[in-house]
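Summary of structural features
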Amino acid sequence: MQLSIFDLFKVGVGPSSSHTVGPMWAMCRFLKRLTRSGFLDQVERLEVHLYGSLALTGKGHGTDRAVILGLSGCRPDRVLPAEVVSIFNQVCSRKELVVGGRIIGFDPVQHIGFHHFETLPRHPNGIRVEAYSSDRLLDHREYFSVGGGFVVEEGEVEAVALDANGAAPPYPFTTAIQLLELCNLNNLTVSQLMLENELSIQGDKQVVLQMLDRIWQVMEESIERGCKQEGILPGGLGIRRRAKSLFEDLKSRPEAALRDPLAAIDWVSLYALAVNEENAAGGRVVTAPTNGAAGVIPAVLAYYMRFMHGASQKGMREFLATAAAIGMLYKHNASISAAEVGCQGEIGVACSMAAGALAGAMGGSCEQIENAAEIGMEHNLGMTCDPIGGLVQVPCIERNTMGAIKAINAARLALRGDGQHRVSLDSVIETMHQTGIDMQSKYKETSQGGLAVNVVEC
Ligand code: SF4
């Protein structure tokens with residue numbers, strides 16, 4: 001499966017790629033379908049049914065809000081975080097929805113069903129949406145939010161990225177070994193190969209570079225915004241935002257960095273905290289490759305840009321391209337959905353992507369990049385998803401700091417070697433996949449096990 005770099009890095013809103021961004025896109029697609037079939041003007045009632053993990057953690061992850069926003073015609077990449085709250089509150093209080101320019105009755109309590117004990121066969125994140133005129137069913141569709149904001153509908157296979165003529169990019173790969181062979185055969189680095197592929201998909205080098213710059217800009221903005229906000233995160237857990245006070249503390253003691261050789265770690269943790277507090281608050285972040293893990297890659301990339309000698313805009317672009325290559329391997333051969341494989345598929349994948357990307361940005365060979373990505377996942381194997389209260393807050397926010405630090409360590413370990421190592425990236429991806437299949441569903445974004453049941457919520 002060849003994807004675009006911008007399938008792995010998408011601008012969206014928090015708190016969840018599979019539970020917020022994906023369902024919002026699914027509703028947008030259903031509206032488009034109604035428009036094409038000519039049914040939109042006849043719709044008098046809409047019903048949405050959430051299944052499996054979407055039902056179990058949908059409240060905490062904002063799925064009902066995402067459904068309402070999507071049915072109101074909002075796209076995750078364009079809607080302003082402030083609009084999200086106002087549109088949601090308006091629909092809840094008026095019990096009305098504006099669909100295709102007309103007002104119809106819509107009571108979220110009555111018209112969004114949470115089916116806690118049912119799962120649709122294709123994927124644990126299932127949505128069924130039905131459109132009625134009076135009591136006549138006009139149309140219905142099942143959508144599956146398969147992780148990272150990707151959505152497929154019933155009967156559909158996942159889309160691949162092709163060029164304007166429908167041809168595959170010049171260097172297609174599905175495994176790490178293929179990627180390494182292609183790089184060596186064509187004398188390309190991983191990032192060069194990825195940028196060649198992306199050029200064929202987008203058709204214009206400047207467009208590709210601008211899109212990469214935009215991704216980093218949104219990442220940086222989420223760090224900056226997160227460092228300025230304070231107070232309690234929404235959702236009822238009472239979690240206080242920490243990034244601002246940490247930022248002020250670090251800023252006020254620059255001399256501490258001279259005495260403490262590991263002071264940079266505090267800054268990396270700060271960047272990750274800032275992004276994921278923004279995500280938890282429903283703010284604008286880059287899905288990278290998911291929202292729960294949205295802080296790992298920005299934190300490691302900010303570390304590269306702000307702490308590494310010789311860092312450059314070119315290096316930033318190469319970092320993102322390399323990270324995307326690694327993310328594609330997981331997407332194709334395993335999963336980036338916590339509902340399928342637990343947190344290995346979120347923080348674990350983000351850590352692996354960031355590790356390989358940093359190794360590349362630090363001048364590592366293709367083999368060292370592969371080694372770093374492998375180390376990044378190997379020590380996240382088995383990690384469960386057990387968010388307290390179904391919110392993307394505990395353990396999620398802090399876990400991003402751990403993923404970022406681990407990624408830096410993985411890159412440094414790989415760069416100390418020559419790229420030769422015992423466990424291949426392909427083997428560790430397969431191991432992650434099998435571990436995810438074996439994992440009990442209570443540890444897969446259902447909040448029925450782990451911390452979610454052992455910590456009192458209030
Ligand atoms: S525990 Fe991990 S996978 Fe689960 S919601 Fe939090 S960050 Fe996402």
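Residues numbered from 1 in each chain as written. Predicted model: local features only at pLDDT ≥ 70, side-chain atom pairs only at ≥ 80, totals over all residues. Heavy atoms only, no water.

The environment of the ligand is made up of His61, Gly292, Ala338, Cys343, Glu346, Cys385, Asp386, Cys396 and Arg399. Each residue belonging to the shell around the ligand can be placed in one class, and the counts come to four nonpolar, two polar and three charged. (Near = heavy atom within 4 Å. Nonpolar A, V, L, I, M, F, W, Y, C, P; charged D, E, K, R; others polar.)

Turning next to helix H16 (residues 347-361). An α-helical turn contains 3.6 residues, so any two residues separated by three or four positions project in the same direction. Across its 15 residues, H16 extends 20 Å between first and last C-alpha, which sits within 8% of the 21 Å expected from 1.5 Å per residue. With its phi angle positive at about 95°, glycine 363 sits one or two positions after the end of H16. (Helix = DSSP H or I, 4+ residues; strand = E, 2+ residues; numbered from the N terminus. Expected span 1.5 Å × (residues − 1).)

Applying the stated criterion across every chain, the model contains 23 salt bridges. Taking the shortest distance from any N to any O, the salt bridge between lysine 314 and glutamate 318 comes out at 2.8 Å. Highlighted residues: lysine 314 and glutamate 318, both in helix H14 (residues 313-333), separated by four residues, approximately one helical turn. The partly exposed category is assigned to glutamate 318, whose relative accessible area is 24%. Through salt bridges that share partners, Arg29, Arg141, Glu153, Glu154 and Glu156 make up one connected network. (Salt bridge = Lys/Arg side-chain N within 4 Å of Asp/Glu carboxyl O. Buried < 20%, exposed > 50% of the residue type's maximum accessible area, 1.4 Å probe, protein only.)

With that out of the way, let us pick up the sheet that holds strand S2 (residues 45-52). The strand order across the open sheet built from five strands is S5-S2-S6-S7-S8, with neighbouring strands paired in mixed fashion. Bordering the open sheet on either side are strand S5 (112-115) and strand S8 (150-153), each of which pairs with just one other strand. The mean angle between the axes of side-by-side strands here comes to 25°, regardless of whether they run parallel or antiparallel. Pairing between strand S7 (residues 136-147) and S8: four bridges, direction antiparallel. (Pairing = 2+ DSSP bridges. Axes fitted to C-alpha atoms, helices over the stretch in contact; angles between N-to-C directions.)

With that out of the way, let us pick up the side chain of histidine 111. Topologically, histidine 111 is positioned in helix H6 (residues 108-111). Of the residues examined, histidine 111 reaches a relative accessible area of 9% and is grouped as buried. Residue contacts for histidine 111: discarding those within four places in its chain leaves Arg45, Leu46, Glu47, Val48, Gly105 and Phe106. (Contact = heavy atoms within 4.5 Å.)

The next thing to look at is the environment of arginine 136. Take arginine 136: it is sitting in strand S7. For the pair formed by arginine 136 and glycine 283, sequence separation is 147 residues and the distance between their alpha carbons is 38 Å. In this structure, arginine 136 is in contact with Gln42 and Ala131, ignoring residues within four places of it in sequence.

Let us look at the packing of helix H2 (residues 17-37) against helix H4 (residues 63-71). The relative placement of two packed helices is expressed as an angle between their axes plus a distance between the axes. Relative orientation of the contacting elements H2 and H4 amounts to 30°, with a least axis distance of 7 Å. When the axes of H2 and H4 are compared, the pair comes out roughly parallel. For H2 against H4, the interelement crossing comes out right-handed. Within the contact between the two elements, H2 uses His19, Thr20, Pro23, Met24, Met27, Cys28 and Leu31 and H4 uses Thr63, Ala66, Val67, Leu69, Gly70 and Leu71. (Parallel < 35°, antiparallel > 145°, perpendicular 65-115°, else oblique. Left-handed = near helix turned anticlockwise from the far one by under 90°.)

Contact geometry for helix H7 (residues 176-186) and helix H17 (residues 366-378): axes closest at 10 Å, N-to-C directions at 160°. Relative to H17, the element H7 is oriented roughly antiparallel. For the pair H7 and H17, the sense of crossing is right-handed. Of the residues in H17, those in contact with Ala176, Leu180, Cys183 and Asn184 of H7 are Cys366, Glu367 and Glu370. In terms of residue class, the contact of H7 with H17 is built from four nonpolar, one polar and two charged.

Before going further, it helps to examine the environment of tyrosine 303. With respect to the helices, strands and loops of the structure, tyrosine 303 is situated in helix H13 (residues 296-307). Note on tyrosine 303: relative accessible area 12%, which makes it buried. For tyrosine 303 and isoleucine 408, which are 105 residues apart along the polypeptide, the C-alpha to C-alpha distance reads 9.0 Å. The residues contacting tyrosine 303, other than those within four sequence positions of it, are Ala264, Val268, Tyr271, Met308, Leu358, Ile408 and Arg412.

A separate point is the side chain of arginine 128. Its place among the elements puts arginine 128 in strand S6 (residues 125-133). A residue is classified by how much of its surface remains accessible, and arginine 128, at 19% relative accessible area, is buried. Polar contacts involving the side chain of arginine 128 include one to the side chain of glutamate 130, which spans 2.7 Å. (Polar contact = N/O pair within 3.5 Å; in protein donor to acceptor, adjacent residues only side chain to side chain.)

One can read the domain layout of the chain as domain 1 (13-153) and domain 2 (176-454). Between the C-alpha centres of domain 1 and domain 2 the distance comes to 29 Å. Listed by partner, the interface residues are 26 residues for domain 1 and 25 residues for domain 2. In total, domain 1 and domain 2 occlude about 1,800 Å² of area from one another, counting both sides; carbon and sulfur atoms represent 53% of this. Contact with domain 2 buries surface across domain 1, with Pro15, Leu56 and His61 losing the most and accounting together for 24% of the total. (Domains from an automatic or database assignment. Buried area = accessible area lost by both parts, 1.4 Å probe.)

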